[in-house]
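# Breakdown of the fold
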Amino acid sequence: MRFYALEKLINLHDNYTRQFKIDNLQLLLIQRLGEPLLIEATCPHRGHPLDVATIDNGIIQCALHQYQFAIDDGRVLHATEEPCRGLRTFEVIYEGNEIGVMLDD
Ligand code: FES
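Sequence order sets the numbering: in each chain, residues are counted from 1 along the sequence as written. For this predicted model, a pLDDT threshold of at least 70 governs which residues receive local features, and a threshold of 80 or more governs which side-chain atom pairs are given and counted, while totals over whole chains, interfaces and linings are taken from all residues.

Another aspect to go through is the overall build of the protein chain. Strands here are runs of E lasting at least two residues and helices are runs of H or I lasting at least four, both read from the DSSP assignment and numbered beginning at the N terminus. A count of helices and strands for the protein chain gives zero helices and 11 strands. For the protein chain, the α and β elements follow one another from N to C terminus as β-β-β-β-β-β-β-β-β-β-β. In this description the radius of gyration comes from C-alpha coordinates, and the expected globular size is given by 2.2 Å times residues to the power 0.38. Over its C-alpha atoms the protein chain spans a radius of gyration of 14 Å, differing by no more than 12% from the 13 Å that the globule rule assigns to 105 residues. The C-alpha extent of the protein chain, read off along each of the three principal axes, is 45 × 30 × 20 Å. Burial statistics for the protein chain: of 105 residues in total, 18% are counted as buried. Here, residue contact means that the backbone-derived C-beta atoms of the two residues sit within 7 Å. Contacts in the protein chain between residues far apart in sequence, at least 24 positions, make up 35% of those at least 6 positions apart. Put simply, a residue is buried when 20 or more other C-beta atoms lie within 10 Å of its own C-beta and exposed when 12 or fewer do; between those, it is partly exposed, and each C-beta is set from the backbone.

And the structure:
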């Protein structure tokens, strides 16, 4: 496992939203209500970008077909069409003055 720094803590604020690409992985770092969240950047249903999703009350809702996922573990809460897998979520790691993610080498 290796630490990948994503952002300096000083740059985080509520409504922060930024995408990061690590090899083939597209990540989305967001902060809401003081809580940083790290998820895959596109919807597991049909790949719509999640930087335009709505986030409310622990639920992220994709803008395209309104699928809903739990922010804490990514499970599907509501599907409007065919079933899809859950949203990949990642633990945020703090190291020094940066926030990042641990990923396999
Ligand atoms: S692409 Fe996100 S709900 Fe369909």
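Attention now goes to the environment of Thr17. Mapping Thr17 onto the fold places it in strand β2 (residues 17-22). Its 14 C-beta neighbours within 10 Å are what place Thr17 among the partly exposed residues. Sequence separation of Thr17 and Ile30 is 13 residues, and the distance between their C-alpha atoms is 4.4 Å.

Turning next to the sheet that holds strand β8 (residues 76-78). Two pairing modes exist for strands in a sheet, parallel and antiparallel, and in both the strands are linked by backbone hydrogen bonds. The pairing criterion is simple: DSSP has to find at least two bridges between the two strands. The strand order across the open sheet built from four strands is β5-β6-β7-β8, with neighbouring strands paired in antiparallel fashion. Two strands in the sheet have a free side with no partner beyond their single neighbour: β5 (54-56) and β8. If you compare each strand with its neighbour and ignore which way they point, the axes differ by 30° on average. Where β5 lies against strand β6 (residues 59-61), three bridges are found, and the strand directions are antiparallel. Residue pairing across strands places Ile55 opposite Ile60, the latter belonging to β6. Structural elements are reduced to axes, namely lines fitted to C-alpha atoms, with helices fitted over the stretch in contact, and the angle between N-to-C directions of any two is expressed from 0 to 180 degrees.

A separate point is the sheet that holds β2. What the four strands build is an open sheet, ordered β2-β3-β4-β9; its pairing is antiparallel. The open sheet has two edge strands with one neighbour each: β2 and β9 (89-90). Of the strand pairs in this sheet, strand β3 (residues 25-32) and strand β4 (residues 35-40) are connected by six bridges, and their pairing is antiparallel. Bridge pairing in β4 places Gln31 opposite Pro36.

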